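# Fold and contact review
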Amino acid sequence: MPSTSLALTPGLGSFLKSLKTHPVDTSIENLISLLKRRQIRHSRSCATATAYLLRHVVSVCKTSDPAKLIERVQSVGRRLMAAQPREMVVGNVVRRVLGLIRDEAEDDREAEFTLSEAGSESQPQTPRAFDDASLPLDRDALSLRAEGAERSSSRPTLQSMFSLLSHPDADHSLPSTPGTQSPNGRIPGHGPSSKDVKAEVLEGIGEIIDELGQVDDQIASYALEHIHSNEIILTHTSSTTVQKFLVKAASKRKFTVIHAESFPNNHEATHATVSGNSSGDDEHLSFESFQKPLIALGITVILIPDSAVFALMSRVNKVILGTHSVLANGGLVAAAGTRVIARAAKVHQTPVVVVSGVYKLSPVYPFDFDSLIEYGDASKVLPYEDGDLVDQIDVQNPIYDYVPAELVDLYITNLGGHAPSYLYRIVSDHYRKEDISF
Amino acid sequence: MATTTERTAAASSKSFDIVATYNELLRSDPDLTMPIAAIEALVLVLTHSPSSTISETLDLLEKSTAHLKKSIPNPIGLSAGTDLFQRYLITTLQRPGQLGPAGDFKAIRTHLLSNGRLFIRRAKESREKIAAFGRGFIRDGCTVLTNGGSRAVASLLQKAADEEGGPSAVRFRVIYVLSSISKNIEEPSGEPEGMETVRTLRAKGVPVSTIPESAVAYALGKADMVIVGAEGVVENGGIVSRMGTYQIGLLAKAIGKPFYVVAESHKFVRLYPLGQYDLPIEQRVVEFRSEDDIAEQGKQESSVDANGDKPIELPLSDSVDFTPPHLISALITDSGVLTPSAVSEELIKIWF
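Basis of the calculations
Residues numbered from 1 in each chain as written. Chains lettered and ligands numbered in written order. Predicted model: local features only at pLDDT ≥ 70, side-chain atom pairs only at ≥ 80, totals over all residues. UniProt positions renumbered as here; feature names shortened; annotations may be inferred. Helix = DSSP H or I, 4+ residues; strand = E, 2+ residues; numbered from the N terminus. Buried ≥ 20, exposed ≤ 12 C-beta atoms within 10 Å, placed from the backbone. Contact = placed C-beta atoms within 7 Å. Pairing = 2+ DSSP bridges. Axes fitted to C-alpha atoms, helices over the stretch in contact; angles between N-to-C directions. Core = buried A, V, L, I, M, F, W, Y, C linked by C-beta atoms within 7 Å. Domains from an automatic or database assignment. Nonpolar A, V, L, I, M, F, W, Y, C, P; charged D, E, K, R; others polar.

Per an unreviewed UniProt entry, chain B carries the name Translation initiation factor eIF2B subunit alpha and comes from Penicillium canariense. What the UniProt record of chain B gives under Sequence similarities (unreviewed entry) is the line "Belongs to the eIF-2B alpha/beta/delta subunits family."

With an unreviewed UniProt entry as reference, chain A is termed Translation initiation factor eIF2B subunit beta, source organism Penicillium canariense. The UniProt entry for chain A carries the following text under Sequence similarities (unreviewed entry): "Belongs to the eIF-2B alpha/beta/delta subunits family."

Here it is, written out as structure tokens:
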């Protein structure tokens, strides 16, 4: 956190600047080491860096054959994920880019099917050639999403339950295997349209980057539906998403915010957020043009130590939490202390609302919760000046908590509010099955 | 038209007994699940009847399915198979393409008739797929509690046990809950369901402990997770499974252990039970009797024996219960790890 001179310290800003001048491989190495050294942290910074890097990778990729593009992105993605496996947004962005390439490759192929429908004898199942042919026309972010929904509702019909009975040939002609099995040999390296694939993919990555920039504002637009006058809201950490959400509500309503300080990993940033004395040191805050603090908008903000959460919970109307990443089962990995708050809220039957961009939603099923928890600097708990004690005591400072799905009542993403049990649906809209474990 | 189809259906059912075929299929291959056996039986019905029009075929299927369901005491599992078969036929016929209305009806018929073996193979492969998905759940040093004779669970545990390379294999332990009711009616003292799996696991070097159903609550403290199989997965994400699964689910929830269900996606069945006694089967698990009733029943049994119209009861050893979705942490299926609420969507996708 304490990086005093932003221009000199390596971080997101310097990485994005270097992207233009450095060759791709250097940039990849650069990002890997930044991730490893934790010089880029915070979900959004990681996601943004990954998206920009992948855009660069795709744009300098010499081939425009979708299969080769997928291979390239996969290999880069694997290295990035290996560099920092707990930063799940990196994998999420890589998966979305892979999905983009696959979608483009399929659209392309389907367009050709419509043209050469006469030759469909070797293709017993070309159902979507008809209804999807119009889709490549419009490509703004919304239609992409709708398309995703439409696709995933039509595609797995062939894949999932019917796959047991489907025709043996039909299996191979499923569009999910790009490039490898083309009965008439028309997919790999087919003339002019293949150029479009790359352009479309680059455009799609641009949309992901735009989404990363707008996500907090989109989430904040739901604030007035959830925060009502004279409510008491409890929150935790200095999450920008939560702050924007509250600020948006404060523009119309008067309410009280109780802010737990999240010692020892985030308390300084939290104090700064509450008082509005942000020195702009924090990367993810400087990333945005920092807004007026809540107190400037006439909101009563009460800063409490984490230990007082349970005692105050009985007065709280709603708990609003930020998160590090959201998992496919509806559970979440968030700053340490979140679970205590969520559990206290459960005991008092206080609704828990989690605000998170869709990019934090990971398709990975958490087999092993413990492995998701990252441990941080022990000196924040017990400074090294207490040398004698440090030798004798095992000090641990977990940075994250795993919060099970049943402790969360509502997720608010940039797409709206969802129940935890509905998240699987958003996962299947945003990620392709083939990419979940690549 | 209707009369002719009825006649052909009647004729074919006379010459071809679907119930016997179904039972024979299940007996001949212990690895076969009920839905797949039902699909196989329907394929054989189609082979034996020379129906050539679409409506004739659908009519025949419907009649055979109804007959089969009526004659089997627990039709939940098999109805998943027959529904899937029917939906596949209808959906394929409605879809444009070679197998659709524009194309040849015979093509889809021949495909279904000639690929019976293929379906069975795929069904078995789906178990392998599940094992691959489920591998992530079993980690070094963990203890798994399981019950029943589910083949999917057995293959998952075996897969975890014999990851190649000996020492790199997962070191895990298994607590196997054995039913006190023997599966074999002729031999009541015979070994309970699941002993086969216990032996295989032990042979692979996995420490297995077998406990009676009454010791589940006691043993759960030592287990890290519960993995069970299912006979059918219903629309709300709950499961119909071997008697005793529900109580394990309740206990796991109470103790806070994850409860996973392993099931192939062809076991998803369109059924929405609201509780234990809402299943479309007749099983006499809870039966109140006084001394008089017992005497009465003894008299009845000696007098009337073959009563055709009465619904067939499920023997106690095959009784099932319903585990509601809120007790289930996740379903491990061949289409990935699903939350219970995702099941209804999979079903809706094939029905609407």
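Still more to cover.
## Some remarks on the overall build of chain A
Tallying secondary structure elements over chain A gives 17 helices and 10 strands in all. A total of 438 residues make up chain A; the buried ones form 44% of that total. Long-range contacts, defined as pairs at least 24 residues apart, comprise 77% of the intrachain contacts of chain A with a sequence gap of at least 6.

## Let's talk about the sheet that holds strand β2 (residues 173–178) of chain B
Residues and elements named next belong to chain B. Judged by pairing direction, the sheet is mixed, and its seven strands sit side by side in the order β3-β2-β1-β4-β7-β11-β12 without closing on themselves. Lying at the two open borders of the sheet, with one neighbouring strand each, are β3 (208–212) and β12 (336–338). Each strand axis lies, on average, 25° off the axis of its neighbour in the sheet, ignoring direction. Here strand β4 (residues 225–229) pairs with strand β7 (residues 259–262) via four bridges, running parallel. Bridging from a neighbouring strand, valine 228 pairs with valine 261 of β7. Packing against the sheet, helix α9 (residues 195–203) makes contact with β2 and β3, and its axis sits at approximately 155° to β3.

## Let's talk about the nonpolar core
Among the nonpolar cores identified, the biggest contains 184 residues, and Leu54(A), Val73(A), Val93(A), Val261(B) and Val262(B) are the most heavily contacted of them. For Leu54(A), the contacting residues outside a window of four places in its chain are Val73(A), Val76(A), Val93(A), Val94(A), Val97(A) and Ile205(A).

## Quick word on helix α17 (residues 423–430) of chain A
With six of eight residues buried, α17(A) lies mostly within the body of the structure. Listed as buried for α17(A) are Leu423(A), Tyr424(A), Ile426(A), Val427(A), Ser428(A) and His430(A).

## Overview of unusual backbone geometry
Residue and element names in this part refer to chain A. Cis peptide bonds are those with omega within 30 degrees of zero, and the linkage from phenylalanine 263 to proline 264 qualifies with 0°. Residue placement: proline 264 occurs in the loop between β2 (256–260) and α12 (267–275). Backbone geometry at arginine 38 places phi at a positive 60°, although glycine is not the residue there. Tracing the backbone through its elements, the reader meets arginine 38 in the loop between α2 (24–36) and α3 (43–60).

## Quick look at the pairing of strand β9 (residues 410–413) of chain A
Residue and element names in this part refer to chain A. Summarising the sheet, strand β7 (residues 352–355) and β9 pair through three bridges and their orientation is parallel. Among the inter-strand pairings, valine 355 is bridged to a residue of β9, identified as isoleucine 412. Judged from the three bridges that link them, β9 and strand β10 (residues 416–418) form a sheet pairing that is antiparallel. When the sheet's bridge partners are listed, isoleucine 412 is paired in β10 with glycine 417.

## Regarding the environment of Leu201(B)
Residue and element names in this part refer to chain B. Here leucine 201 is to be found in helix α9. Leucine 201 sits in the buried class, given 22 other C-beta atoms within 10 Å. For the pair leucine 201 and glutamate 24, spaced 177 residues apart in the sequence, the C-alpha separation amounts to 29 Å.

## So, the environment of Lys159(B)
Residues and elements named next belong to chain B. Position of lysine 159 among the secondary structure elements: in helix α8 (residues 151–161). Taking C-alpha positions, lysine 159 is 8.4 Å from glutamate 128, a pair spaced 31 residues apart along the chain. Setting aside residues up to four positions removed in sequence, lysine 159 forms contacts with Ala131 and Arg135.

## Remarks on the domain arrangement of chain A
Residues and elements named next belong to chain A. When the domains of chain A are assigned, the result is domain 1 (12–213) and domain 2 (221–435). Contact with domain 1, which involves 24 residues of that partner, is made by 20 residues of domain 2. Elements represented by at least two residues in the side of domain 1 that touches domain 2 include exactly α3, α5 (88–115), α7 (141–159) and α9 (193–220). When residues in the side of domain 1 that touches domain 2 are grouped by element, the largest group, 10 residues, is from α5. Looking at the side of domain 1 that touches domain 2 residue by residue, the classes come out as eight nonpolar, nine polar and seven charged.

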